Amino acid sequence: MSGKGKAGDVSGFDVVRAVKHVRERKGSIPPPPKKPPDAPPEHPSPEPPDDGKPARSARIGKTAVPTKYEYVCYECGYRFTVAGKVRTLYCAKCRTILNQTDYTIDKRHDVSIVTAGCVTIAPDGIWAGGSLTARQVVIEGRHEAGSIKVYGKLEVGPGAVFNAADIDAQDILIRAGAEIKIEGQATYRDVELYGELSADLKATGVVSIRSGGHLKGRLQTGHLVVEDGGGLNATVVVGSVPPENSE
């Protein structure tokens, strides 16, 4: 075979020499570009110090939910709720601006009060006449005359003297140490007893006798809760109780 090949023929020696030539020319073919790193965050968080302790998992804190308050408009009688305290209170229906001032009666008083706040008749206070309308009323003193309308809770403390027939309240709470006797039938929504109550009681909501509380007389209610240490000495009828204004 002749040492010269035809045009276009490649010998094995030429292939080996070509490969060697490429290996000697390092970097003649640039490597493919590397993937660029991710962009850093706009506001990077500081790295915690390495103290050798295992990292703690993140905790999600609780969001504070504002307390809801129930109001009844003393102009139109509409009942509505408001989340948190507001500087100016409007009736959600008639848009009347409601007075929400809290009052404390610490002497003899016979001037009418209308408020969506709380009225406290202190131990030295006397409600001697006029009309009292409030969201909440606390009686620690004396109620001698005049009408009281409570759209929310009536709270009675030890030593309180009042005429239940002249008080229209939705709920009632008897504080510890108070001994209250109500003549005739008394009708409320929710009743909570820390003290003693003697009555012919009708409750459309829940009657809760707390530890130290005591109920005597007669009871008609849809729901009754008696805690350990609570006393019940009454004729009890548990069942559906229609509201007073139902037909």
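The rules we used
Residues numbered from 1 in each chain as written. Predicted model: local features only at pLDDT ≥ 70, side-chain atom pairs only at ≥ 80, totals over all residues. Heavy atoms only, no water. 1 Å grid on protein atoms, 1.4 Å probe; cavity = no way out; pocket = protein on both sides within 12 Å on 5 of 7 lines; lining within 4 Å. Points joined across faces, edges and corners; volume = space filled by probe spheres on them. Helix = DSSP H or I, 4+ residues; strand = E, 2+ residues; numbered from the N terminus. Nonpolar A, V, L, I, M, F, W, Y, C, P; charged D, E, K, R; others polar. Salt bridge = Lys/Arg side-chain N within 4 Å of Asp/Glu carboxyl O. Buried < 20%, exposed > 50% of the residue type's maximum accessible area, 1.4 Å probe, protein only. Pairing = 2+ DSSP bridges.

Student: Describe the layout of surface pockets, naming the residues involved and giving the relevant values.
Tutor: Considered as a void within the structure, the second largest pocket measures approximately 200 Å³ in volume. The wall of the second largest pocket is formed by 13 residues, among which Glu70, Arg135, Gly152, Lys153 and Asp171 lie closest to the centre. When contributions to the lining of the second largest pocket are tallied by element, the ones reaching two or more residues are β1 (68–72), β13 (147–156) and β14 (167–174). Residue contributions to the lining of the second largest pocket peak at four residues, all from β1. Per-class residue counts for the lining of the second largest pocket are three nonpolar, three polar and seven charged.

Student: With reference to specific residues and values, describe the pattern of salt bridges.
Tutor: Tallying each qualifying case throughout the model produces 13 salt bridges. When the shortest N-O distance is used, the salt bridge between arginine 142 and glutamate 144 registers 3.5 Å. For glutamate 144, a relative accessible area of 40% translates into the label partly exposed. Note that lysine 149 and aspartate 168 form a salt bridge whose closest N and O atoms lie 2.8 Å from each other. Of the two residues, lysine 149 is situated in strand β13 and aspartate 168 in strand β14; the sequence distance between them amounts to 19 residues. By relative accessible area, which is 29% here, lysine 149 ends up partly exposed. Here the residues in one salt-bridge network are Arg108, Arg142 and Glu144, joined through shared partners.

Student: An account of the pairing of strand β17 (residues 196–209) is needed here, citing residue identities and associated values.
Tutor: Across the 14 residues of β17, 10 count as buried, placing the element largely inside the fold. Sheet analysis places strand β15 (residues 179–188) next to β17, joined by seven bridges and oriented parallel. Directly across from alanine 186, in β17, lies its bridge partner leucine 201. With three bridges connecting them, strand β16 (residues 191–193) and β17 associate as parallel partners. Its bridge partner being in β17, glutamate 192 is matched across the sheet by serine 208. The pairing of β17 with strand β18 (residues 214–226) spans 12 bridges and is classified as parallel. Paired with alanine 203 across the strands is threonine 221, a residue of β18.

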